Amino acid sequence: MLRFRLEPAKEQEQKLLHTFRLCRKMYNQALEERITSYRQHGVSIHYTDQQNRLPAWKREHPEYKDIHSQVLQNVLQRLDQAFVNFFEKRAGFPSFKDKFCFRSITYSQARPSYFREDGSVFLPKIGRVKMIAHQPFDAASVKIINVKFHDGRWYVNLTYVTEAVAPLREIQNAAGIDLGLLSLIATSDGEFFENPQWLQKSEKSLKRMQRQLSRKKKGSKNREKAKHELQGAHDHVANQRKDHLHKVSRSLMDRYDLICMEDLQVKGMMKNHRLVKSIANASWGKLATYLEYKAKNAGKQLIKVPPHHTSQLCSAGCGTLVKKDLLVRIHQCPTCGLDIDRDVNAAINILQRGLEIVRQAG
Ligand SMILES: [Zn+2]
C-alpha cells in the first residue's frame, strides 16, 4: 500500500465531508437494522441482504445519489467485517459511529484512467483531486483507493490487489441445505449434520445452572458466585457452538461449489415464532455468515432462495403440495409416491430454486 497526501479544493473538501456524514448515517442505520431484526424476529441480516437493498435505499433517500455506489457498498462491507470480527472473538459487538470515527471512504474498483501524469487522482462523484505523489507507482495495478482525513490533513491510500478474493469457480457440486428440526441441517444429498452430544450436554448443564441460580437468595454471596459461574459457562457454550458451526461450514464448503439455503429474513416473518427456538435460529444465522464468508474466499457461491412451501412441495417435480405438521418426519407424496425425510425433501427444493436463480443469472 502507498500513502500520498491529497490537496482537495475547498468545494471538493465539502463534498468529501458531506460523503462522510451520509456514510456514517447509513452505517448506523444498517447496524440498527441488523440489531432490530435480530431482537424482534431472531433473524440475522447479512451483507448480501443489505447490499441487495441499496437501490431501494437510494430511492428512499435521494441525497445518496451524490454518493458513489462502490463507496456505499464498502460502508456495508465495513459493518459486515465488524460482525465477522465480533463472531470470531477478535472484537466487541459493533458500535454506532460518531462523527469523529467515520473519516474515510473507499473505492474498491479503481481504474488506471483515474490517475494522471500531472499527479491527480479522479474520485468518482468528488472530482479530480490534486495528489502529491512523492514516488513513482504503477497506476494500472491500483485496485483500491481509500481517502482519509486525519489530523486536519487529507491522505489517499492506494492498494494493489493480487486476487485477494478467489475468482468464481465453475459449479460442479451443488447442494441445498435445510434447517432441521431435530438435526442441525439436512442436505439435498440426504446427509444430516447433528448437533454433537457434548454440545447438547453443555446446553443442558447451562439450563441446570440457570435454575440453581434462580433459587439462590437475592443479594447473597452465593448468588453472586453462581451468577459469575453461569456467565463463564455461558461464554464457554457459546464458543463451543461457534467452533462447531465453523467446522460444519468448512466441511460443506469443501464439498460444494454452490450452496443454497433459505432466505432467513423472509423465513423469520413467515414462521410462527413460538415454534422457532432462539438458539437454533441464532445458529442458523451464524452458519449463514460463516458460509458466506468462506464461499467468498474460495471462489464459491452461497445463494439464498425464497422459502415458500419448501417443506410441503414434493421435490420429485410432480407439483403436489403435501401438507404436514411439524411432527410428521417423512414426506410421502400421494401423487408420485416419493417417500423421503421431510428435511431432505425441503433441501432438494431449496437446491432446485437456487439452480434456477443461477440459470436465470446466466
Ligand atoms: Zn410427488
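Chains are numbered independently. Their residues run from 1 in the order of the written sequence. At least 70 in pLDDT is required for a residue's local features to be given in this predicted model, at least 80 for side-chain atom pairs to be given and counted, and no such filter applies to totals for whole chains, interfaces and linings, which use all residues. Hydrogens are left out, water is left out, and the side-chain values use all remaining heavy atoms of the structure.

An unreviewed UniProt entry lists the protein chain under the name Transposase, with Sulfoacidibacillus ferrooxidans as the source organism.

Caption draft 1: Local environment of the coordination of the zinc ion. Counted as donors are N, O and S atoms no farther than 2.8 Å from the metal, or 3.2 Å for Na, K and Ca; water is not among the atoms, and sites may therefore look incomplete. The zinc ion binds to the protein through C314 (SG), C318 (SG), C333 (SG) and C336 (SG), with metal-donor distances spanning 2.2 to 2.3 Å. The sequence motif formed by the donor residues of the zinc ion is C-x3-C-x14-C-x2-C. Pair noted here: C318 is in the loop between strand 11 (301-305) and strand 12 (330-332) and C336 is in the loop between strand 12 and strand 13 (339-341), with a separation of 18 residues, a long-range link. Between buried and exposed lies partly exposed: a residue is buried under 20% and exposed over 50% of the maximum accessible area for its type, with that area taken using a 1.4 Å probe on protein chains only. Given the relative accessible area of 31%, C318 is considered partly exposed. C336 sits in the partly exposed class, given a relative accessible area of 39%. In this text, helices come from DSSP runs of H or I with a minimum length of four residues, and strands from runs of E with a minimum of two, each type numbered from the N-terminal end.

Caption draft 2: Spotlight on the environment of A316. Tracing the backbone through its elements, the reader meets A316 in the loop between strand 11 and strand 12. Taking relative accessible area as the criterion, A316 reaches 48% and is therefore assigned partly exposed. The spatial distance from the C-alpha of A316 to the C-alpha of I348 is 8.8 Å, given a sequence separation of 32 residues.

Caption draft 3: Quick peek at unusual backbone geometry. Positioned with a positive phi, K125 is a non-glycine residue whose angle comes to about 75°. Position of K125 among the secondary structure elements: in the loop between strand 3 (120-123) and strand 4 (127-132). We classify K125 as partly exposed; its relative accessible area is 45%. Unlike most non-glycine residues, H309 shows phi in positive territory, near 60°. Here H309 is to be found in the loop between strand 11 and strand 12.

Caption draft 4: Structural view of helix 5 (residues 197-215). Expected span, for any helix, means 1.5 Å times one less than how many residues it has. Along its 19 residues, helix 5 runs 28 Å from first to last C-alpha, staying within 8% of the 27 Å computed at 1.5 Å per residue. Where helix 5 is concerned, the buried positions are L199, S202, E203, L206 and L213. Around the axis of helix 5, the buried residues are gathered within 100° of arc, so they sit on the same side. Those residues of helix 5 that are exposed and angled more than 90 degrees off the buried face are Q197, K201, K204, K207 and R215. Summarising the geometry, the arc corresponds to the directions from the helix axis toward the C-beta atoms.

Caption draft 5: Here's a closer look at the UniProt feature "domain: Transposase putative helix-turn-helix" (unreviewed entry) in the protein chain. On the UniProt side, "domain: Transposase putative helix-turn-helix" (unreviewed entry) is annotated at positions that read residues 3-42 here. As annotated, residues 3-42 has a helix share of 80% and a strand share of 12%, and its two end C-alpha atoms lie 43 Å apart. UniProt positions are given in the numbering used here, feature names are shortened, and annotations may be inferred rather than shown by experiment.

Caption draft 6: Local environment of the domain arrangement of the protein chain. Annotation comment: domain bounds sourced from an automatic or database domain assignment. Segmentation of the protein chain into domains returns domain 1 (2-160) and domain 2 (174-195 + 238-361). One C-alpha centre belongs to domain 1, the other to domain 2, and the line joining them spans 34 Å. In this complex, domain 1 contributes 16 residues to the contact, which on the side of domain 2 involves 18 residues. Accessible area, probed at 1.4 Å, shrinks when two parts are joined; the buried area is that loss added up over both. The junction of domain 1 with domain 2 conceals about 1500 Å² of combined surface from both sides, 50% of it contributed by carbon and sulfur atoms. Think of a salt bridge as a Lys or Arg side-chain nitrogen and an Asp or Glu carboxyl oxygen that are within 4 Å of each other. Counting across the domain 1 and domain 2 interface gives one salt bridge. The contact rule is simple, with two residues in contact once any of their heavy atoms fall within 4.5 Å.

Caption draft 7: Examining the packing of helix 1 (residues 10-41) against helix 4 (residues 69-87) more closely. A fitted line through C-alpha atoms represents every axis, and for helices the fit uses only the stretch in contact; the resulting angles, taken between N-to-C directions, go from 0 to 180 degrees. Orientation of helix 1 relative to helix 4, taken along the N-to-C sense of each, is 45°, at an axis distance of 10 Å. Taken together, the axes of helix 1 and helix 4 lie oblique to each other. In this structure, the crossing between helix 1 and helix 4 has a hand that is right-handed. Contacts between helix 1 and helix 4 involve T19, C23, M26, Y27, A30, L31 and R34 from the former and V71, L72, V75, L76, R78, L79, D80, A82 and F83 from the latter. Nonpolar residues are Ala, Val, Leu, Ile, Met, Phe, Trp, Tyr, Cys and Pro. Charged residues are Asp, Glu, Lys and Arg, and all others, Gly as well, are polar. A class-by-class count of the residues in the contact of helix 1 with helix 4 yields 12 nonpolar, one polar and three charged. Angle categories: roughly parallel below 35 degrees, roughly antiparallel above 145, roughly perpendicular from 65 to 115, and oblique for all the rest. Should the near helix be turned counterclockwise from the far one by less than a right angle, the crossing is left-handed, whereas a clockwise turn marks it as right-handed.

Caption draft 8: Representation of the UniProt feature "domain: Cas12f1-like TNB" (unreviewed entry) in the protein chain in the model. Following the UniProt record, the feature "domain: Cas12f1-like TNB" (unreviewed entry) maps to residues 284-350 here. Helix makes up 36% of residues 284-350 and strand 16%, whereas the separation of the span's terminal C-alpha atoms amounts to 15 Å.

Caption draft 9: The confidence of the model for the protein chain, seen in detail. Scored from 0 to 100, pLDDT reflects the predictor's confidence in each residue. On average, residues of the protein chain carry a pLDDT of 85, and 92% of them reach 70 or more. Counting contacts from residues 266-279, a segment whose pLDDT is below 50, to residues more than four positions away or on other chains yields 14 contacts.

Caption draft 10: Region of interest: the sheet that holds strand 11. DSSP bridges decide pairing: two strands pair if at least two such bridges lie between them. Taking strand neighbours across the sheet as the criterion, the five strands line up as 9-8-7-10-11 in an open arrangement whose pairing is mixed. In this open sheet, the two strands that pair with only one neighbour each are strand 9 (192-193) and strand 11. As judged from the three bridges shared by strand 7 (residues 174-179) and strand 8 (residues 185-187), these two strands associate in the antiparallel manner. Considered in strand 8, the bridge of I177 is made with T187. Of the strands in this sheet, strand 7, strand 8, strand 9, strand 10 (258-262) and strand 11 are in contact with helix 9 (residues 342-361), which crosses strand 7 at around 130°.

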